[in-house]
Amino acid sequence: MIPALKVDGLKISIRTDEGIARVLDDVSVTLESGRIVGVVGESGCGKSTLIRAIMGILPRGASVDGGKIWFEGENLLVFSEKELNQRVRASRIGFIPQDPLQALNPVFKIGTQLLEAMRWHAPGSRRDHIARLVMLLGRMQVPDPAGALERYPHQFSGGQRQRLLIAAALACAPGLVIADEPTTALDVTTQHQILLLLRELVAEFGISLLFVTHDFGVVAELCDDLCVIYAGQTVEAGTVQSILEAPSHPYTRALLACHPDRADSFVGIPGIVPSPLARPAGCLFAPRCGDVRPLCREATPAQGRARSGAAVRCVQYS
Amino acid sequence: MREPILSVRDLSVLLGGRRGFLRKTVLPTKAVSGVSLDLHEGEILALVGESGSGKTTLGRTILGLQRENAGDILLDGKSVAGLPPDVARRARNAIQYVHQDAGAALDPWWNIGRTLAEGLLIQGMKDAAARMERVRAMLAAVGLDPESARRYPHEFSGGQLRRVSLARILLLQPRILILDEPTSGLDMSVQATVLNLLLDLRKRFALTYLFISHDLSVVERLSDRVAIMHLGKIVETGFARDVFARPLHSYTRELLNAAPRLTGRRTSDGLSAVQTASVGAARRA
């Protein structure tokens, strides 16, 4: 079976005033159909750029230097803006944003905003669209779904707004949904409900979910597969269970050790993510790595395989 | 047992509401209702609750930014309640507040040195060179380069901004710090270093923390005692290890179960077999 989404060796650079920033430098993510993959990394590692590349909304000055984005057997990178709008965005790839308040226009009713996208991207009449939205909002456990369409964003709580946007992402029945840290702004109890809901929706609506987060706790709870990104490179990829049991890459181990469940004391990771303008030679994690060897500073390590079955980019495994 | 450094007795705070004359009467919301707390010297007390539970209002009231409607606040055994806001703020100078959003709390047009020195100026430190000396020493104490006094807020990362806002407050020589979600919005790796700094500063400057948070895993590691707040009331308080091992109130249990854990997925009712067993044990205990 072909994967729902396969990002293969993606390289993206952005021209800036200070030079060329190599934001993504060999990122690979595979999302098998019907599964949930978590993409984890610190801020500045390229998680948002990856999402923007898949959606085809890279900032100006960005260029794709290599790699492919396979989506249902087609390479998204060769699509024109018009093709993306007509054939991919909303209709086949849904998006759940991080900040539900920013994503909603305060002066329009919820129904107006959600139906707008369906008018362009979903088959059927307006009446069909309303019926589907009411069904979805009911499924999202939004109280009074029909009435909700007539209300404004400020009349909903943060958790409810996130439910509205999940419904919006599913409105045109896409096969792939991309979520950008959708629960970071929420309370733990609300976050928990949203995560449970997402899990159910994946099975119920037959979608595949790419979930970006920096919280390993959320990954452990929600995701099937995991892809750890550091400084624009995939450093470890495998199933969540195998990586949580036996993390192989030093960066994955360091990140996990920061989680309060695993930490003996608050250690953190010394240093910062290297700037995309000036990446060090050799392994990008070497300057912060606790297990660094002379070989690490010489060449970029090749992809190897750890005993856990995960693909790891580290000299210890290549 | 020693006298608590700060003591809150039956504190109530009403927010909003308006008298109806030719318009609808709106009843005020009881944001904090009948809260009592003791804060002992040198301890870390965590105030945990969801948004809307009244934890920030409680913090602001203790600080003196919000007037209490009923109840008493004792600082070193002396009552500082019932005062008008400006008098209250002066009487509670030993209590300072670290904002949740460090970036928004700094003036983008002022360099860090000027922002930090302003507090010293307000406190009556006239000598500019001496002010700058104190600022540079404090920046070093929170783990920043003293030269960063010349830089502007946008040049700092999220973790560094937390350090700047801590330095600003510590210059005022507080004894009690109210920390409002000091690690929200930070990466896990940065969060750990900020928490480490907080523990280190507490020792070095003999501080007492009131730590407002909804992140239970952080609270469990950092705090000595915990107070769980729900709908303006404190529903459970105790030593952190007791509360986390044997939560007594149903709301506390619900909060604990909702926190994402590395141990993996739970069944749809939100409890894993292990957790169900431990909760069951807690009920019997």
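Above this text is the structure in question.
Nothing here was measured: the structure is a model prediction, and the numbers come from that model. (Residues numbered from 1 in each chain as written. Chains lettered and ligands numbered in written order. Predicted model: local features only at pLDDT ≥ 70, side-chain atom pairs only at ≥ 80, totals over all residues. Heavy atoms only, no water.)

## Points about the overall build of chain B
As a reminder of what qualifies: Where helices and strands are cited, they refer to DSSP runs of H or I of at least four residues and of E of at least two residues respectively, numbered from the N terminus. We take the radius of gyration over the C-alpha atoms and set the globule estimate at 2.2 Å times the residue count to the 0.38 power. Whether a residue is buried, partly exposed or exposed follows from its accessible area with a 1.4 Å probe, protein chains only, as a fraction of its type maximum: under 20%, in between, or over 50%, in that order. Contacts: residue pairs with any heavy atoms within 4.5 Å of one another. Under the convention used here, a 1.4 Å probe and the Shrake-Rupley method define accessible areas, while residue burial counts only the protein chains that appear. We treat Lys and Arg as the positive residues and Asp and Glu as the negative residues; His and chain ends play no part in the count. The atom standing in for a charge is NZ when the residue is Lys, CZ when it is Arg, CG when it is Asp and CD when it is Glu.
Each helix and strand counted, chain B has 10 helices and 10 strands in total. Relative to the globule expectation of 19 Å for 285 residues, the C-alpha radius of gyration of chain B, 21 Å, shows essentially globular dimensions. Projecting the C-alpha coordinates of chain B onto the three principal axes gives extents of approximately 65 × 55 × 45 Å. Within chain B, buried positions represent 50% of all 285 residues. Long-range contacts, defined here as pairs at least 24 residues apart, represent 64% of the contacts in chain B between residues at least 6 apart. Summed over all atoms, the accessible surface of chain B reaches about 13700 Å², with 53% contributed by carbon and sulfur. If the 39 positive side-chain charges of chain B are averaged to one point and the 29 negative ones to another, these points end up 3 Å apart.

## Observations concerning the packing of aromatic side chains
The condition that has to hold: Side-chain rings of Phe, Tyr and Trp, where Trp is taken by its six-membered ring, are said to pair if the distance between their centres is within 6.5 Å; with planes under 30 degrees apart they count as stacked, over 60 as edge-to-face, and otherwise as tilted. Working rule: Lys NZ or Arg CZ, within 6 Å of ring centre, within 35 degrees of ring normal, means a charge sits over the ring.
Within this structure, the stated rule accounts for 3 aromatic pairs over all chains. Relative to F285(A), the ring of Y230(A) has its centre 5.1 Å away and its plane inclined at 85°; by these criteria the two rings are edge-to-face. With a gap of 55 residues between them, Y230(A) in strand β9 (residues 225-230) and F285(A) in the loop between α11 (250-258) and β11 (303-305) connect regions that are remote in the sequence. Neither Y230(A) nor F285(A) differs from the other in exposure class; each is buried. Aromatic pair Y251(A) and F285(A): ring centres 5.1 Å apart, planes at 65°, arrangement edge-to-face. In this pair, Y251(A) is assigned in helix α11 and F285(A) in the loop between α11 and β11, connecting sequence segments 34 residues apart. Take Y251(A): its relative accessible area is 0%, and that puts it in the buried class. Assessed through its relative accessible area of 3%, F285(A) is described here as buried. Here the aromatic residues Y230(A), Y251(A) and F285(A) are joined through ring pairs into a cluster of three or more. Positioned above the aromatic ring of W110(B) is the side chain of R114(B), whose terminal nitrogen or guanidinium carbon lies 3.8 Å from the ring centre.

## A look at the pairing of strand β4 (residues 62-71) of chain A
Residue and element names in this part refer to chain A. Note the threshold: By this definition, two strands are paired if DSSP reports at least two bridges between them.
Note that strand β1 (residues 5-16) and β4 share 8 bridges and pair antiparallel. Opposite K11, over in β4, you have G66 as the bridge partner. In this structure, β4 lies alongside strand β5 (residues 74-75), joined through 2 bridges in antiparallel fashion. Residue pairing for β5: F71 is matched across the bridge by E74. Here β4 folds back onto β5 in antiparallel fashion, the turn holding 2 residues, of which E72 has a positive phi close to 50°.

## Notes on the pattern of salt bridges
Pairing is possible between side chains that carry opposite charge, provided their charged atoms lie close to one another. Threshold: The salt bridge criterion pairs a side-chain nitrogen of Lys or Arg with a carboxyl oxygen of Asp or Glu, the two atoms within 4 Å.
Scanning the entire structure with this criterion turns up 28 salt bridges over all chains. For the salt bridge of E74(A) with R92(A), the shortest nitrogen-to-oxygen distance reads 3.3 Å. Of the two residues, E74(A) is situated in strand β5 and R92(A) in the loop between α2 (81-88) and β6 (93-96); the sequence distance between them amounts to 18 residues. Look at E74(A) and you get partly exposed, because its relative accessible area is 25%. When the shortest N-O distance is used, the salt bridge between R136(B) and E147(B) registers 3.0 Å. Linking R136(B) in helix α4 (residues 128-141) with E147(B) in the loop between α4 and α5 (158-170), this pair joins segments that are 11 residues apart in sequence. Linked by salt bridges that have partners in common, E72(A), E74(A), E83(A), R87(A) and R92(A) make up one network.

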